[in-house]
There are 4 protein chains.
Amino acid sequence: MIVILKNGYDERQLESLLNWFDGMDVGVQINEGEQTTVIGLVGDTSALDIELIKAIDIVESVSRVKEPFRKANRKYHPDDTVIDVRGRKIGGGSFHIMAGPCSVESEEQICAIAESVKESGATILRGGAFKPRTSPYDFQGMKSEGLDLLFLAREKTGLPIVSEIMNANHIELFEDVDIIQVGARNMQNFELLRELGMIKKPILLKRGLANTLQELLMSAEYIMAGGNEDIILCERGIRTFETYTRNTLDLAAIPLLKELSHLPVVVDPSHATGISRLVKPMSMAAVAAGADALIIEVHNDPKNALCDGAQSLTPDVFADVVSAVNDVLKAVGKLPVG
Amino acid sequence: MIVILKNGYDERQLESLLNWFDGMDVGVQINEGEQTTVIGLVGDTSALDIELIKAIDIVESVSRVKEPFRKANRKYHPDDTVIDVRGRKIGGGSFHIMAGPCSVESEEQICAIAESVKESGATILRGGAFKPRTSPYDFQGMKSEGLDLLFLAREKTGLPIVSEIMNANHIELFEDVDIIQVGARNMQNFELLRELGMIKKPILLKRGLANTLQELLMSAEYIMAGGNEDIILCERGIRTFETYTRNTLDLAAIPLLKELSHLPVVVDPSHATGISRLVKPMSMAAVAAGADALIIEVHNDPKNALCDGAQSLTPDVFADVVSAVNDVLKAVGKLPVG
Amino acid sequence: MIVILKNGYDERQLESLLNWFDGMDVGVQINEGEQTTVIGLVGDTSALDIELIKAIDIVESVSRVKEPFRKANRKYHPDDTVIDVRGRKIGGGSFHIMAGPCSVESEEQICAIAESVKESGATILRGGAFKPRTSPYDFQGMKSEGLDLLFLAREKTGLPIVSEIMNANHIELFEDVDIIQVGARNMQNFELLRELGMIKKPILLKRGLANTLQELLMSAEYIMAGGNEDIILCERGIRTFETYTRNTLDLAAIPLLKELSHLPVVVDPSHATGISRLVKPMSMAAVAAGADALIIEVHNDPKNALCDGAQSLTPDVFADVVSAVNDVLKAVGKLPVG
Amino acid sequence: MIVILKNGYDERQLESLLNWFDGMDVGVQINEGEQTTVIGLVGDTSALDIELIKAIDIVESVSRVKEPFRKANRKYHPDDTVIDVRGRKIGGGSFHIMAGPCSVESEEQICAIAESVKESGATILRGGAFKPRTSPYDFQGMKSEGLDLLFLAREKTGLPIVSEIMNANHIELFEDVDIIQVGARNMQNFELLRELGMIKKPILLKRGLANTLQELLMSAEYIMAGGNEDIILCERGIRTFETYTRNTLDLAAIPLLKELSHLPVVVDPSHATGISRLVKPMSMAAVAAGADALIIEVHNDPKNALCDGAQSLTPDVFADVVSAVNDVLKAVGKLPVG
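These figures come from a predicted structure and were not determined experimentally.

Analysis parameters
- Residues numbered from 1 in each chain as written.
- Chains lettered and ligands numbered in written order.
- Predicted model: local features only at pLDDT ≥ 70, side-chain atom pairs only at ≥ 80, totals over all residues.
- Heavy atoms only, no water.
- Contact = heavy atoms within 4.5 Å.
- Buried area = accessible area lost by both parts, 1.4 Å probe.
- Salt bridge = Lys/Arg side-chain N within 4 Å of Asp/Glu carboxyl O.
- Polar contact = N/O pair within 3.5 Å; in protein donor to acceptor, adjacent residues only side chain to side chain.
- Helix = DSSP H or I, 4+ residues; strand = E, 2+ residues; numbered from the N terminus.
- Nonpolar A, V, L, I, M, F, W, Y, C, P; charged D, E, K, R; others polar.
- Axes fitted to C-alpha atoms, helices over the stretch in contact; angles between N-to-C directions.
- Parallel < 35°, antiparallel > 145°, perpendicular 65-115°, else oblique.
- Left-handed = near helix turned anticlockwise from the far one by under 90°.
- Least-squares fit on C-alpha atoms with pLDDT ≥ 70 in both.
- Expected span 1.5 Å × (residues − 1).
- Buried < 20%, exposed > 50% of the residue type's maximum accessible area, 1.4 Å probe, protein only.

**Side note on the interface of chain A and chain B**
- The interface is formed by 48 residues belonging to chain A together with 48 residues belonging to chain B.
- Taking both sides of the interface into account, the surface hidden between chain A and chain B amounts to around 4,300 Å²; carbon and sulfur atoms contribute 53%.
- Viewed at the interface, chain B and chain A are joined by two salt bridges.
- Here B:E215 and A:R239 are joined by a salt bridge, their closest N and O atoms 2.7 Å apart.
- Where chain A touches chain B, the interface holds 19 residue pairs in polar contact (both at pLDDT 80 or more).
- Put simply, the parts of the chain that give the side of chain A that touches chain B at least two residues each are α1 (11–23), α2 (50–54), α5 (190–196) and α6 (213–225) of chain A.
- When residues in the side of chain A that touches chain B are grouped by element, the largest group, five residues, is from α6(A).
- Across the side of chain A that touches chain B, the residue classes break down as 20 nonpolar, 14 polar and 14 charged.

Dropping the structure here:
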């Protein structure tokens, strides 16, 4: 960490600052130049609070040379993390597609979709049981009953399941879920992250609507700091001024996250754009940019369903997406989905 | 709600849609124009999920004529909500200042600051016991011990206290806190909001970093839907491309929230800008724009404190802010703070 | 266009409004519902100023059913526009790469780069002669001398050239340039757009830092309204809160622009990210998402050049990007570059 | 400027870098620490291109200690710039209101509005003759005829006039305009800025939709570098995700711009919010935050005008705004408008 002092700083304040660094157990190098004095901090600076140091009167600016995350950092863990989910390997060069409905609605629905997406090539089943909804008056999901139906669908198809948790008190209910998803709105629900750090279960952590990549990695670090290191990072679009799409999918996040971290990266083209006809081109682009997996909404039998998400695909279109994804996987030298 | 159909829509799909509206207990008017067919929905449409309707194949666009929030809506509650906090009235024309440190650090610290801000004119004491921190390695607050010190400071000064909750499981610990704060990162932690709707206690709800005013009001609605209607809305800056300030303070939110809702509006100039020397002009501007209260960080005795927030004021500067705020209050025809 | 009136509107104001619509030569349908009155406007509404209508007292809201652009609209021009640049066809299924240095610096430099990128597979040479710089003290380009050197490099290599214009008074200087680029900062310099509409020359129009896709298409419409219909749209990243990359590349813009418009779409991964090692994955992703071309910065001989843009590639890396692009082109069923 | 080198940098590259700095005529201090090597650059570094230095292979990061603007910088010009406009002093503690219609439409209209706003307390008349419009099919203004009508209105009322320029070729037409406005979309039209630097005429420079405060000051620097130092900076809202208001008014920009620069700051609450009923509270807030002037849209006689901007005030409401502004001016220790 590099701390630049203001010109004409008070010597006693500097002394007080140096004593404080001393107590924090970091090494200190002072470079007093003619015009600028620069302090270099060496050793483990990840515990230093950069905002606090910036706030000190005599400090002009502070910049980290090292990132503030350790366990998620590729520098200290050069090899890709590979997460085993009932035999499926996520990360490390393979490719997976998680697919399923926005919400679990009935046994018939979830089992039919599970069979259908499996046939088209999906390797993991997604489905919401607890639904974060902007309005208290909207459908909030089937809750634990929804999880039971997911277990049933898994039994029938063999597909592992991923579902979203909204409350640390529900962790027991999720004991048999294969991958627990943390939604974008809970990315900085630090109490939830801390609890998820204490279990042994892969976590799919979605980037918040207005969160930087560094903040996403710090949230992964929260979970990892507790001992649970099986984190799957998820890019799902950020909020910008553009209103044509629901969010703006930031695909540069893929190579950046893979450079900064060893964790696998999944892309959610459905929520990122909110427009079902963009799922195919954005899925292909995500694969070309190096994603390890996709998570895609596929809806109910459209003949009977009145209300499908604007962002959900019909099973036919989903099969076409998988086929296109396989073509791009081949172009980038990877094996087909699965 | 106005639903515009696509040209050349399928008649059976329209019939299916109309049946569905019928089941939702809303009135339907169809206006079939030469070029466009428009459906008007009347009655209580707040339970209709606009995203679901948009997703229907034959629908071109949907727009609400009524807002999706009811209990927070000024249309159904024309008078200002006035919240009584140990005799202090928040909303309805009076003005309050909540002041105190970022974190409670010790008995000596919190009591000294409480005395000091009270003397300068603050009417409510703020202080963090549970701290949401981006990094798992940063100080996380004194937790329940910090709350106990706030109770002590209240006893000594008579100032009611406001402190942030991060976990619904802590609600019992907050039983004796006067105003419970929900931080920006938890504005859409719907599980927490729902639990807070079941208690009787004023809630200070901060706007999320990337949340619209409508989303803020929907989060207030979550709490109110449960029966707890004493919500104080808080504008604390939104995330934009500008990097000079930590966030961009959106003061137009004040008159808009007061027009859309009957709830009181407080402004946090400290977190909004992250720069202590902007607290004074932004406090004055917030008062001029019609805010009901301010929440301001004031730090420890600067002689002994090494690390104060870049955004915190010294007690002297805080006294100057209160005085300037009183001048602006007079200009807008309000009584002084308190 | 759909105009929804406020409840309890004044009848005389409605009459005045209807008279005004009458004078604008659009058809009017009024649907008076029990709770809401809706006016449908039919015919050519592209000349109606939506902001003006919104501003009328009795109007609740206005929404367009038709887009406000005509000449750029795929609805009225279903076939892809194909632009012929000295025999290279841009749009319609072929793929091109425009490559070259940020600035033209010398005859030796531009000719060497031109030869090098041609050999690696680039089909068009880019190079800046007039440079928009944030600071008046930074290098502003070689100006007309730079254009002369581009002509020379074209003569030697046969590569058509693209270069940026900043001032309508320079149009004569650009008479022999093959594609004239309008930079992001000038996307809404309407005076410049209007002048470019009066010449016969392909225009590469970059999306502004904070401009929506509809605004980009309206700027294309400005040029096309004057008679010059050879517009190449360019996505080059938008400004968001994320600071890791210079801008956020919005790849969903590609399929959306191609759906809304018949114009070819080029992607600039160099300026979009500002990081040279992201150029390869973002180029591949852009191809997978359906782009018609790329525009990439390739720098001087790195042995002699001290200062190359953070976003520029070395010739070797560029050759590797072309090869990867060709692999993805094959996967999406297109012919290789050129 | 502080340059931090990467660990394990190549010595020959460092030598090459130092030679280059040498040629740029800046002093160099090298601090070689155990873990990090830091180069401090002293002297006039405003001509150094920070992006170029960042791009060098061996450089980890670069940060400016000094701002890149000189002439606009308060450090080198501690006193407020006071601009004399036909006897009105803008900056330095006085307060002005510029008011008038969006567009000049007729002699009757502009003269009636001019009389009306003068009577209510406006000290400068605004009116658009050349109008930047997003659509080529919208009304583009009365152009030079509009300027002539403004001159007439000035003759009748004595109010100086401010109007927007869109093209450097029009500078002669604006010779008799008192303040030339550069619109938000042209803030980085560097060719226009450069030409405006060569005349002697106050320039009102609006902040671009997505431009930082530093970029605004760099655009002021462009004009000032040519010799024209009478610049009035204008905050008019930035583009964010919030859709309720047209833009988000950034009032923290006022104290920041006044701290960084000696130039006067005007606020445009009309365009910032796009909602006429927000003009009053935002005007009051702008005054409380320290603005030197306001620029407000006031529309035609509403009895005859069908289409007024959503953001324009009626003359009556404008008079009420002036009165409220005067109350706040008194509270902040300033004289009334004028």
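**Things to note about the packing of α6(A) against helix α7 (residues 253–260) of chain A**
Residue and element names in this part refer to chain A.
- It is at 11 Å that the axes of α6 and α7 come closest, and there the two elements cross at 45°. Comparing the axis directions of α6 and α7 gives the class oblique. Relative to α7, α6 is oriented so that their crossing is right-handed. On α7, the residues that touch L213, L216 and L217 of α6 are A253, L256, L257 and L260.
- Considering only residue class, the contact of α6 with α7 consists of seven nonpolar, no polar and no charged.

**A closer look at the relation of the copies chain A and chain B**
- For the pair chain A and chain B, the best superposition has an RMSD of 0.1 Å and corresponds to a rotation of 180° with a translation of 0.1 Å parallel to the axis. Here the copies are linked by what is in effect a two-fold axis. Closest approach to the rotation axis among the C-alpha atoms of chain A is made by A:A210, whose C-alpha sits 2.8 Å away.
- With an isologous cut-off of 70% or more, the 100% of interface residues of chain A that recur at the interface of chain B puts this contact in the isologous class.

**Description of the interface of chain B and chain C**
- Each partner contributes to the interface: chain B provides 20 residues, whereas chain C provides 20 residues.
- Together, the buried faces of chain B and chain C total about 1,500 Å²; carbon and sulfur atoms form 62% of this surface.
- Along the contact surface separating chain B from chain C lie zero salt bridges.
- In this structure, the connection of chain B to chain C is made through zero residue pairs in polar contact (both at pLDDT 80 or more).
- When residues of the side of chain B that touches chain C are traced back to their parent elements, those giving at least two are β1 (2–5), β2 (27–32), β3 (37–42) and β4 (59–63) of chain B.
- Here the side of chain B that touches chain C takes three residues from β3(B), the largest share from any one element.

**Structural notes on the side chain of C:D268**
All names here are of chain C.
- Its location among the elements puts D268 in the loop between β13 (265–267) and α8 (269–273).
- In terms of polar contacts, D268 uses its side chain to reach the backbone amide nitrogen of S270, at 3.0 Å.
- With residues up to four places along the chain from it excluded, the contact list for D268 reads K206, C234, E235, R236 and I295.

**Some remarks on helix α3 (residues 107–120) of chain D**
Residue and element names in this part refer to chain D.
- Between the first and last C-alpha of α3 there are 20 Å, a value that for 14 residues agrees with the 20 Å anticipated at 1.5 Å per step.
- Buried residues of α3: Q109, I110, C111, I113, A114, V117 and S120, and no others.
- Elements in contact with the buried residues of α3: β7 (96–100), β8 (124–126), α4 (144–157) and α10 (315–331).
- Taken from the residues just after α3, G121 is the one with a positive phi, measuring 120°.

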